[in-house]
Amino acid sequence: MKHLFVFIILLFVLSCSSHELAFDNGSIKVEITEGSEWIHPYPLFLGIKKDNPPQFALWVEDLDGNYLATLLVTEKVGLNNWQANGGNRRIESLPTWTFSRNIKDNDGTYMPSNDNPVSDGITTATPKEGFTIGMEPISGLRSFVLNFEVNHSIDFNKHYPESAKPGDKNYSGGSDGSGQPALLYSKVIDLDKSSTWELDLIGHSSPDGSTNEITKDLSSITTAKKIIESIKVFKVEQ
Amino acid sequence: MKRLLVLLFLVMNFNLYSSVISDTSLNLSYDSLTLSFSKDIPFKLNLGLGLGCHFSDDFKFNDPELGLFINYRPFSLKYFIPVAGLKFNYIYLNEPTFNNYLLGINFYGGGEFPIFNNFGIGLNLGYRFGETSYLHKTDNRYFRVKYKETHQLFPLYLDLYFKYLFK
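Reading guide: rules and limits
- Residues numbered from 1 in each chain as written.
- Chains lettered and ligands numbered in written order.
- Predicted model: local features only at pLDDT ≥ 70, side-chain atom pairs only at ≥ 80, totals over all residues.
- Heavy atoms only, no water.
- Helix = DSSP H or I, 4+ residues; strand = E, 2+ residues; numbered from the N terminus.
- Buried < 20%, exposed > 50% of the residue type's maximum accessible area, 1.4 Å probe, protein only.
- Areas by Shrake-Rupley, 256 points an atom, 1.4 Å probe, with all protein chains shown as cover.
- Core = buried A, V, L, I, M, F, W, Y, C linked by side-chain atoms within 4.5 Å.
- Contact = heavy atoms within 4.5 Å.
- Polar contact = N/O pair within 3.5 Å; in protein donor to acceptor, adjacent residues only side chain to side chain.
- Phe/Tyr/Trp six-rings, centres within 6.5 Å; stacked < 30°, edge-to-face > 60°.
- Patch = residues over 30% accessible without salt bridge, like charges linked within 9 Å, V, L, I, M, F, W, Y side chains within 5 Å.
- Salt bridge = Lys/Arg side-chain N within 4 Å of Asp/Glu carboxyl O.
- Lys, Arg positive; Asp, Glu negative; His and termini not counted.
- Charge placed at Lys NZ, Arg CZ, Asp CG, Glu CD.
- pLDDT = per-residue confidence, 0-100.
- Pairing = 2+ DSSP bridges.

Tallying secondary structure elements over chain A gives 3 helices and 12 strands in all. Every one of the 238 residues in chain A was classed for burial, and the buried ones make up 51%. Total accessible area on chain A is roughly 11,200 Å²; 51% of this is exposed by carbon and sulfur atoms.

The biggest cluster of nonpolar side chains holds 37 residues, and the ones touching the most others in it are Phe144(A), Leu146(A), Phe148(A) and Phe143(B). Aside from chain neighbours lying at most four places away, what touches Leu146(A) is Val30(A), Leu58(A), Trp59(A), Val60(A), Leu71(A), Met135(A), Tyr185(A), Ser186(A), Lys187(A), Ile189(A), Leu199(A) and Val233(A). By size, the runner-up hydrophobic cluster in this structure holds 11 residues, among which are Leu94(A), Met111(A), Val118(A) and Ile122(A).

Turning to the side chain of Lys163(B), a few remarks are in order. Here Lys163(B) is to be found in strand S10 (residues 156–166). Here Glu112(B) takes part through its side chain, which lies 2.7 Å from a polar atom of the side chain of Lys163(B).

Attention shifts here to the packing of aromatic side chains. Two numbers describe a pair of aromatic rings. These are the distance of the centres and the angle of the planes. All names here are of chain A. Using the criterion set out here, one finds 8 aromatic pairs over all chains in the structure. Centre to centre, the rings of phenylalanine 99 and tyrosine 110 are 4.9 Å apart; their planes meet at 40°, and the pair counts as tilted. Of this pair, phenylalanine 99 sits in helix H3 (residues 95–101) while tyrosine 110 sits in the loop between H3 and strand S6 (123–124), placing them 11 residues apart in sequence. Looking at phenylalanine 99, the relative accessible area reads 21%, which means it is partly exposed. The partly exposed category is assigned to tyrosine 110, whose relative accessible area is 21%. Each ring, one from phenylalanine 148 and one from tyrosine 185, has its centre 6.5 Å from the other, and the planes form 65°; the classification is edge-to-face. In this pair, phenylalanine 148 is assigned in strand S8 (residues 143–151) and tyrosine 185 in strand S9 (residues 183–190), connecting sequence segments 37 residues apart. Both residues of the pair, phenylalanine 148 and tyrosine 185, belong to the buried class. Here a set of aromatic residues connected by ring pairs shows up, and it is made of Trp38, Phe56, Phe131, Phe148 and Tyr185.

A contiguous patch of negative charge, built from Glu34(A), Glu129(A), Glu198(A) and Glu229(A), is present on the exposed surface. Mapped onto the fold, Glu198(A) is located in strand S10 (residues 196–198).

Below, the discussion takes up the confidence of the model for chain B. Residues and elements named next belong to chain B. Predicted confidence across chain B gives a mean pLDDT of 75, with 68% of residues reaching 70 or more. Averaged over each element, pLDDT in chain B is lowest for strand S1 (residues 5–17) (59) and highest for strand S5 (residues 81–92) (88). With pLDDT under 50 throughout, residues 17–25 is counted as low confidence; its partners more than four residues away or in other chains account for 37 contacts. Across the predicted assembly, pTM comes out at 0.74 and ipTM at 0.82.

All names here are of chain B. Where burial is concerned, the two faces of S10 differ: the one with Tyr157, Asp159, Tyr161, Lys163 and Leu165 is buried and the one with Leu156, Leu158, Leu160, Phe162, Tyr164 and Phe166 is not. Bridge analysis of strand S7 (residues 119–129) against S10 gives 9 bridges, and the strand direction is antiparallel. The residue bridging tyrosine 127 from the neighbouring strand is leucine 156, located in S10.

This part is about the sheet that holds strand S11 (residues 200–204) of chain A. Note on sheets: strands pair through backbone hydrogen bonds, and any given pair is parallel or antiparallel. Residues and elements named next belong to chain A. Ordered in space as S6-S5-S4-S8-S9-S11, the 6 strands form an open sheet in which the pairing is mixed. Either end of the sheet is taken by a strand with one partner, and the two such strands are S6 and S11. Of the pairings in the sheet, the one linking strand S4 (residues 55–61) to S8 comprises 7 bridges and is antiparallel in character. Paired with leucine 58 across the bridge in S8 is phenylalanine 148.

Right, let's get into unusual backbone geometry. All names here are of chain B. Although it is not a glycine, phenylalanine 43 sits at a positive phi angle of roughly 65°. Residue classification places phenylalanine 43 among the exposed positions, given a relative accessible area of 72%. Positive phi is not limited to glycine here, since lysine 44 has a value of about 60°. Its location among the elements puts lysine 44 in the loop between strand S2 (27–41) and strand S3 (45–55).

Shown next, in the form of structure tokens:
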């Protein structure tokens, strides 16, 4: 019995080393750094608020803009795991990603659903802060477009008010909707021409999520520009 | 030699938890099932080992769990034995796209309610420290994607267990 407990204690001690992200030569490291608006207060009840991180998707397209693969998407969007949304499918959450992915659900939207979710392996609980993703090319793809779309719920400002009605140009899903629309960051990655990149903020998505139109004029966007500090990409060369 | 070996069985762990960091609701959830053995040692302490199965939030897969715990029972009443304890548990995440484990440190307190001579029911309220993190690995047609996901489990949980005492 004594030896058994010694063995168990040793097992715990020896298992304290943590698995960390390792980057092999030739792999791609994506560093997403949070901005000052990454966490957004979300009212619960009786004046109590919770810290709410944003929804996002990271995906790749070819140089002609054809969808190739989703690398990561928050599970509320990817698994239709919304809470307290009153049945709202939240089509305005990440419309550029959903239209690019182009998989229509039974209800006519392009949102993943409980019957047709995205793979568990590419969904994540929304992190409280910035994070890093590793990408190892396995098909010889050397150039592609890396896209990142991000959006907060109920992130209203004077240009996208809660009071906007369906059909209004600035309607963003109503009281449970987005407020300021999703922002799109993008960059052409050519692994043979460079080894570091930073994604550019290229516009905002459709406020009500009804189209895949990207608006380059960001004058109506205020705090949402501060959700992301930077998205940097590195080719790992050892 | 009395109370040489105590068999705690069917430790059902109900987690009062927020399943992911971005969730708002607190859930009372059936979480794991553990078979534990323990032995009385000096100073009113009781040292034990638990083997169990931890379930994911969505019950899609099972994760083996190993626990090491130490209980302190300062005194015994006829119908109630107060218990305070410390538990370390190790849960291996048995899912293809994960590559990690959870290592938890838990404090708990509660008590046992003897029913027959050698049978009782116990209830502990526990508090656990720390975040848990998973290393995801998944392939699509073009890339193998890896990322580390951190879950903040709600720290409070409730253990219900049934105890059989070998005399």
